[in-house]
Amino acid sequence: MSAQPRTKRTSRTRKHREEIIVVTHAARSLGGALLDMLARHGEHRQLIAIDGEPLRRDLPQGAYHRIYLSKKGASRKLTLRVPHAHASVTIVHTALPETIDIDEGTARERLIAEAKNVLAAAKELHAHKLVLVSSTDVYGAFATNPAYLTEDMSARGTDQSPILDALCTIEKLFARYADQHRRTVVTTLRPSTILGSRVRDFKTTFFDQSVIPTAMGFDPLVQFVHESDLLRAIMEVIEKDERGTFNIVGDNILPLSRAARMLGRSTIPLPTPVLSTAAQVASKVGLEIMPSSYIPFLMHTCVADGDKARHDLGFVPVYTSQEAILSFTTKGHRR
Amino acid sequence: MSNGHDIPFLRLLSAIEDLKQHAKGAKREILEFADKDPAKARLIFNVADTLLKQFAKTPVYRKLKYTLDMWSYGDEDRYYDVDEFGMSKATVEVMMPFFQFLYHHYFRVDVEGAKNIARSGPALVIANHSGALPYDGAITNLAVYNNHPKHRYARYLVDDFVYYVPFIGTFIQRTGGVRACQENAIRLLDHGHMVMVFPEGLKGVSKPFDERYQLQRFGRGGYVKLAMRTGVPVIPTAIIGAEEIHPMLWKSEVLGKAVGLPYFPFTVTFPWLGPLGMIPLPTKWKIVFGKPISFKKYTARDANNERKVQEVSQKIQSKVQSMIDNELEKRESVWY
């Protein structure tokens, strides 16, 4: 990132001011896990949970506000709800959707509208820090990918899927915001597929099916990150002022077929043309298997390199990809 | 189990045997109890069941199960893991006998200059490419493997198109192929691998028969840039015999596009003999590893100097060509 701070504000100078952390999509599994983590570490912070869905939990150190982020006027509502006058505000925005919409085009519009509202609110609140949780999928799955994708490579997923196009656009919006507001620390985290006992999104659900569809003749390499590692990375970013984009990935890679075997799932290899039709039919019927635009991820490798986070952020993953899988299989709700 | 109680392992076994006996007795007693007083038994079992289910929901149970699972993830499982570039030891070991057969009995490979194979540390092997199907890559790899005292396994860079082809792309990746690009190659060399490059690329594989042993253009000198950036030595290598395994008469790019390949070959045997035509002709091979060329004197800055890169590339190309010509003169027959 070219935007280097002229005067780097450390957490020491911020100590005088009250800290407010705004968590968007708080009713989702990742948001909930993040709220728990924040509540456990740092009693001095005030938490504000934002979601359109009702938050089914208590929040002793903060408040929950029901705001549909994608709706018009959400940014004004958000600004009014956060008592920002004497506080430094941090906004954590998780962009990757939890479930698949049948119409990916609409999902794209919604995701971008949410991000725009968050940025508008951040401008009004004079937010000190913005944390965007994106995904390594923005690099796209291509046969021409290098073995390890680094942060300085362009995000080519735009052409592959409307959801990824939305994510790329959101990342660009955040980057532009960072250019315009040099005093705001803008950090983008790109986690690979998240596995763990709590966090659920459509990629996790894909690995939780009893039969995993694969592309015949293709066996891409995949990598995972454990949810606790991702949460630690987010905490690290909240504690430190580190600008830029970071891949958050677990060590080791493994073939998709092997991941399925370790999860105790059987795979059903389908020829590639059939696969896209099958995914489209399934989504029409209402089966949430995977977005049809994600099929390249069953064919080609999209593996990211976590060295930058290791060096600049001091983030070292505790779980390897294999360990993340094992902890996923031993989670409580499935025996 | 009564004797040998002083040996710890046997003691453990006998303890397990005792436990089994106890468990059998306990099971019998429980069943008798259930027969005698069904109502009371049902109550007790229900309570126990609920308690167990509650325990299964606790983090303690999860932690315990996770630890046990990590234990059971032993060496046998790690055997099937892939390395950081997707090579699987298991696949390599499965394929090894077949390629060793080709190496020793089918192509009867002779190796010259085995002492030039780097003992350790990164190195680039630059060789001529040919033969419609890239047997030369696998066999040269094996030549390195067989002639290295510690059986070094070199990695080879392959063209992009391979990864679009089902089964083939995955197979090549599992056996040590890495997609050819600067990022991958630099990472391989940084991690101390020996890397094989065929700079002729596709043009080399699809050489018509009458142009055999005439090196095609050595790409845009990507491998020279690579050597300059990393400072690793280049080992020029000549492969004799591989250019006659599939004498190519003609190739069709239009037909190739239809089947998803860069070109469709018409060789002496293929497609006339059907799948049998894919069997290579049993030529006699000779692989010559040349003296390593040091790249220590170049810096990363030189890699941006296009003229210098071309110059060095030309020099290495003519070196390989002269090695080939030299060997061809000495050779008496294609077959023995």
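So, how was this worked out
Numbering of residues starts from 1 in each chain and follows the order in which that chain's sequence is written. Labels are handed out in written order, letters beginning with A for the chains and numbers beginning with 1 for the ligands. Totals for whole chains, interfaces and linings use all residues, but because this is a predicted model, local features are given only for residues with pLDDT of at least 70 and pairs of side-chain atoms are given and counted only at 80 or more. Note that water and hydrogens are dropped before the side-chain values are worked out from all heavy atoms of the structure. Each helix is a run of H or I in the DSSP string that is no shorter than four residues. Each strand is a run of E no shorter than two, and both are numbered from the N terminus. As a reference, a globule follows 2.2 Å times the number of residues to the power 0.38, and the radius of gyration itself is taken over C-alpha atoms. Here the term buried applies to any residue with accessible area under 20% of the maximum for its type, exposed to any over 50%, and partly exposed to those in between, with areas from a 1.4 Å probe on protein chains only. Contact criterion: two residues are considered in contact whenever any of their non-hydrogen atoms come within 4.5 Å of each other. Computed with a 1.4 Å probe, the accessible areas rest on the Shrake-Rupley method; for each residue, only the protein chains presented here act as cover. Throughout, buried area stands for the accessible area (probe radius 1.4 Å) lost by two parts on being put together, summed over both. The salt bridge definition used is simple: a Lys or Arg side-chain nitrogen within 4 Å of an Asp or Glu carboxyl oxygen. Polar contacts here mean pairs of N or O atoms no more than 3.5 Å apart (in protein, one a potential hydrogen donor and the other a potential acceptor; neighbouring residues in sequence count only if both atoms are side-chain atoms). Each residue is assigned to one class: nonpolar for Ala, Val, Leu, Ile, Met, Phe, Trp, Tyr, Cys and Pro, charged for Asp, Glu, Lys and Arg, and polar for all the others, Gly among them. An expected span of 1.5 Å times one less than the residue number is assigned to each helix. Fitting axes to the seven residues that end at a residue and to the seven that start at it, the angle between those axes gives the bend at that residue. At least two DSSP bridges between two strands are needed for those strands to be called paired. Axis definition: a line fitted to C-alpha atoms, over the contacting stretch in the case of helices. Angles run 0 to 180 degrees between N-to-C directions. Comment on the angle field: the value is read as roughly parallel under 35 degrees, roughly antiparallel over 145, roughly perpendicular from 65 to 115, and oblique elsewhere. By nonpolar core we mean a set of buried residues, namely Ala, Val, Leu, Ile, Met, Phe, Trp, Tyr and Cys, connected to one another through side-chain atoms within 4.5 Å. Here the aromatic set is Phe, Tyr and Trp, taking the six-membered ring for Trp, and pairing holds for ring centres within 6.5 Å; pairs whose planes are under 30 degrees apart are stacked, those over 60 apart are edge-to-face, and all others are tilted. When the NZ atom of lysine or the CZ atom of arginine is within 6 Å of a ring's centre and also within 35 degrees of its normal, the charge is said to sit over that ring. Confidence of the predictor at the level of single residues is given by pLDDT, which spans 0 to 100.

A. Geometry of the overall build of chain A. Within chain A one finds 12 helices and 13 strands. What you see for chain A is a C-alpha radius of gyration of 19 Å, in line with the 20 Å of a compact globule of 335 residues. With the C-alpha coordinates of chain A rotated into their principal frame, the extents come out at 60 × 40 × 40 Å. Relative to its 335 residues, chain A shows a buried fraction of 61%. Here the analysis covers contacts within chain A between residues at least 6 apart in sequence; of these, 80% occur between residues at least 24 apart. Accessible area of chain A: about 13600 Å², with a carbon and sulfur share of 52%.

B. Local environment of the interface of chain B and chain A. Each partner contributes to the interface: chain B provides 31 residues, whereas chain A provides 31 residues. In total, about 2600 Å² of surface goes out of reach between chain B and chain A, with carbon and sulfur atoms giving 57% of it. Counting across the interface, chain B meets chain A through three salt bridges. One salt bridge in this structure joins A:Asp219 and B:Arg174, with 3.8 Å as the shortest N-O distance. At the surface where chain B touches chain A, the tally comes to 11 residue pairs in polar contact (both at pLDDT 80 or more). Ranked by residues supplied to the side of chain B that touches chain A, first place goes to helix 3 (residues 59-72) of chain B with six residues. Of the residues belonging to the side of chain B that touches chain A, the class tally is 14 nonpolar, four polar and 13 charged.

C. View of helix 5 (residues 89-106) of chain B. Residues and elements named next belong to chain B. With 18 residues, helix 5 extends 24 Å between its outermost C-alpha atoms, agreeing within 8% with the 26 Å of an ideal straight helix rising 1.5 Å per residue. Of all the bends in helix 5, the largest measures some 40° and sits at Met96, one to four residues before the proline Pro97. Taken together, the buried positions of helix 5 are Ala90, Val92, Met96, Phe99, Gln100, Leu102, Tyr103 and Tyr106. Looking at the packing, one finds that the buried side of helix 5 touches strand 1 (110-112), helix 6 (135-147) and helix 7 (168-174). Among the residues trailing helix 5, Arg108 stands out with phi positive, at a value near 45°.

D. Local environment of the sheet that holds strand 2 (residues 123-127) of chain B. Residues and elements named next belong to chain B. As summarised here, the arrangement of the seven strands in space is 1-9-6-2-5-3-4, forming an open sheet in which the pairing is mixed. Every other strand in the sheet has two partners, leaving strand 1 and strand 4 (177-179) as the edge strands with one partner each. Within the sheet, the average angular offset between the axes of one strand and its neighbour, ignoring direction, is 25°. Pairing analysis gives three bridges linking strand 1 to strand 9 (residues 286-289), with the strands arranged parallel. Bridge pairing links Asp110 to Lys286 in strand 9. Those strands touched by helix 10 (residues 222-230) are strand 2, strand 5 (194-197) and strand 6 (234-240), and its axis lies near 160° from that of strand 2.

E. Representation of the packing of helix 5 of chain B against helix 6 of chain B. Residue and element names in this part refer to chain B. Across the interface, helix 5 lies against helix 6 with an axial gap of 10 Å and an inter-helix angle of 90°. Classed by the angle they form, the pair helix 5 and helix 6 counts as roughly perpendicular. Contacts between helix 5 and helix 6 involve Met96, Phe99, Gln100, Leu102, Tyr103 and His104 on the former and, on the latter, Tyr135, Ala138, Ile139, Leu142, Ala143, Tyr145, Asn146 and Asn147. For the contact of helix 5 with helix 6, the residue count by class is 10 nonpolar, four polar and no charged.

F. Quick peek at the side chain of A:Thr94. Residue and element names in this part refer to chain A. With respect to the secondary-structure elements, Thr94 resides in strand 4 (residues 87-94). Accessibility expressed as a relative area gives 7% for Thr94, which makes it buried. Not counting residues within four places of it along the chain, the set of residues in contact with Thr94 comprises Thr24, His25, Arg28, Leu30 and Val133.

G. Local environment of the side chain of B:His193. Residue placement: B:His193 occurs in the loop between helix 8 (182-190) and strand 5. Dropping the residues within four chain positions of it, B:His193 is found in contact with B:Glu84, B:Pro122, B:Ala123, B:Arg152, B:Arg155 and B:Leu188.

H. Broad picture of the nonpolar core. Among the nonpolar cores identified, the biggest contains 72 residues, and A:Val22, A:Ile91, A:Phe174 and A:Phe224 are the most heavily contacted of them. If you tally residues by element for this core, the top one is helix 5 (residues 162-180) of chain A, at 10 residues. Once you skip the residues sitting within four places of it in the chain, A:Val22 turns out to touch A:Ile48, A:Ile50, A:Leu78, A:Val82, A:Val89, A:Thr90, A:Ile91 and A:Val92. Core analysis: the second largest hydrophobic core is formed by 38 residues, A:Ile253, B:Ile126, B:Val178 and B:Val232 among them.

I. Spatial organisation of the pattern of salt bridges. All told, the structure shown has 30 salt bridges over all chains when counted by the stated rule. In this structure, A:Arg232 and A:Asp229 form a salt bridge, with 3.0 Å as the shortest nitrogen-oxygen distance. You can see A:Arg232 and its partner A:Asp229 sitting in helix 7 (residues 227-239), three residues apart, about one turn around the helix. Residue A:Asp229 is classed as buried on the basis of its relative accessible area, which comes to 0%. Through salt bridges with shared partners, one network takes in B:Glu112, B:Lys286, B:Glu327 and B:Lys330.

J. Structural context of the packing of aromatic side chains. Under the definition given, this model contains 17 aromatic pairs over all chains. Taking the centre distance of 5.8 Å and the plane angle of 75° together, the rings of B:Phe218 and B:Tyr223 count as edge-to-face. The exposure class of B:Tyr223 is buried, given its relative accessible area of 5%. Taken together, the ring pairs in this structure connect B:Phe101, B:Tyr106, B:Phe107, B:Tyr135 and B:Trp285 into an aromatic cluster. Sitting over the face of the ring of A:Phe142, A:Arg156 holds its NZ or CZ atom 4.4 Å from the ring centroid. The positively charged end of B:Arg212 is found above the aromatic ring belonging to B:Phe209, 4.2 Å away from the centroid.

K. Just the confidence of the model for chain A, in detail. Residue and element names in this part refer to chain A. Averaged over chain A, the pLDDT score is 87; the fraction of residues at 70 or greater is 93%. Across chain A, element-level confidence peaks in strand 6 (residues 185-191) with a mean pLDDT of 96 and bottoms out in helix 1 (residues 11-14) with 47. pLDDT under 50 marks residues 1-14. Its contacts with residues more than four places away, or in other chains, come to 22 contacts. Predicted confidence for residues 331-335 stays below pLDDT 50, and this span has 15 contacts to residues more than four positions away or in other chains.

L. Region of interest: the sheet that holds strand 2 (residues 45-51) of chain A. All names here are of chain A. The strand order across the open sheet built from seven strands is 3-2-1-4-5-6-11, with neighbouring strands paired in parallel fashion. Two strands lie at the open edges of the sheet, namely strand 3 (62-66) and strand 11 (244-248), each paired on one side alone. Across the sheet, the mean angle separating the axes of adjacent strands is 15° when strand polarity is ignored. Pairing analysis gives five bridges linking strand 6 to strand 11, with the strands arranged parallel. The residue bridging Arg190 from the neighbouring strand is Asn247, located in strand 11. In the packing of helix 4 (residues 104-125) onto the sheet, contacts are made with strand 1 (18-24), strand 4 and strand 5 (129-133), and the angle to strand 4 comes to roughly 175°.

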